[in-house]
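These are the residues of each chain, in order.
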Amino acid sequence: METKIRGLPNAYLVDAFGVPKLAFYANKQVFGRIWAASENVDVVYGPDDFITPVIFNLGEECQVDLEVRLKNENGKIIDSKRIKNIQVNAGRSITRLSGFRFKKQYEGCCFIEYIVDKH
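Residues numbered from 1 in each chain as written. Predicted model: local features only at pLDDT ≥ 70, side-chain atom pairs only at ≥ 80, totals over all residues. Heavy atoms only, no water.

Quick word on the packing of aromatic side chains
Phase 1: For the structure shown, the criterion picks out two aromatic pairs.
Phase 2: Ring centres 5.3 Å apart and planes at 15° place the aromatic pair Trp35 and Phe56 in the stacked group. Highlighted residues: Trp35 in strand E2 (residues 34-38) and Phe56 in strand E3 (residues 53-57), separated in sequence by 21 residues.
Phase 3: For Trp35, a relative accessible area of 12% translates into the label buried.
Phase 4: Assessed through its relative accessible area of 23%, Phe56 is described here as partly exposed.
Phase 5: Between Phe100 and Phe102, the ring centres sit 5.2 Å apart and the planes meet at 85°, which makes this aromatic pair edge-to-face. Take Phe100 and Phe102: they sit in the same class, and that class is buried.
Phase 6: When the ring centre of Phe100 is taken as origin, the NZ or CZ atom of Lys81, which lies over that ring, is 5.6 Å away. (Phe/Tyr/Trp six-rings, centres within 6.5 Å; stacked < 30°, edge-to-face > 60°. Helix = DSSP H or I, 4+ residues; strand = E, 2+ residues; numbered from the N terminus. Buried < 20%, exposed > 50% of the residue type's maximum accessible area, 1.4 Å probe, protein only. Lys NZ or Arg CZ within 6 Å of the ring centre and 35° of its normal.)

Some thoughts on the environment of Ser38
Phase 1: Note that Ser38 resides in strand E2.
Phase 2: Note: C-alpha distance between Ser38 and Ile55 (17 residues apart in sequence) is 8.6 Å.
Phase 3: A polar atom in the side chain of Ser38 sits 3.1 Å from the backbone nitrogen of Asn40.
Phase 4: Only 2.6 Å separates the side chain of Ser38 from the side chain of Tyr45, close enough to count as a polar contact. (Polar contact = N/O pair within 3.5 Å; in protein donor to acceptor, adjacent residues only side chain to side chain.)

Observations concerning the confidence of the model for the protein
Phase 1: For the protein, per-residue confidence averages 82 on the pLDDT scale, and 80% of positions sit at 70 or higher.
Phase 2: Here strand E1 (residues 2-5) is the element of the protein with the lowest mean pLDDT, 52, and strand E5 (residues 77-88) is the one with the highest, 97.
Phase 3: For the stretch residues 7-12, pLDDT sits under 50, and the model shows seven contacts to residues farther than four places along the chain or on other chains. (pLDDT = per-residue confidence, 0-100. Contact = heavy atoms within 4.5 Å.)

Points about the side chain of Asp65
Phase 1: With respect to the element layout, Asp65 can be found in strand E4 (residues 62-72).
Phase 2: Among the residues examined, Asp65 registers a relative accessible area of 10% and is labelled buried.
Phase 3: Here Asn85 takes part through its backbone nitrogen, which lies 2.7 Å from a polar atom of the side chain of Asp65.
Phase 4: Not counting residues within four places of it along the chain, the set of residues in contact with Asp65 comprises Arg82, Ile83, Lys84, Asn85, Ile115, Val116, Asp117 and His119.

Quick word on the environment of Asn40
Phase 1: Relative to the helices and strands, Asn40 resides in the loop between E2 and E3.
Phase 2: Of the residues examined, Asn40 reaches a relative accessible area of 23% and is grouped as partly exposed.

Here it is as structure tokens:
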């Protein structure tokens, strides 16, 4: 899972194959004020599982859009879901969103990417 925040510089700490490492996520959480992830900490999702996004905020109250992308092992977007106009509370808040399933099923290894657009 990867979180990109548009409008902010991203310091990519990746391996030779372009896969983000633990230090990448640690840096995002330390230096980023807002990011998204899954409420479910499972590493593997099955066809019956729901994706339940949460948005973490360390800053002021704001409104954001969230795009959740399903990508294959080559980085191609298989499916995506966009959730608009999410109100995020100020300071160390967690905003839980409703769970969903991607419309397209994919057989094999894939990745979930969370992109937060701050208004």
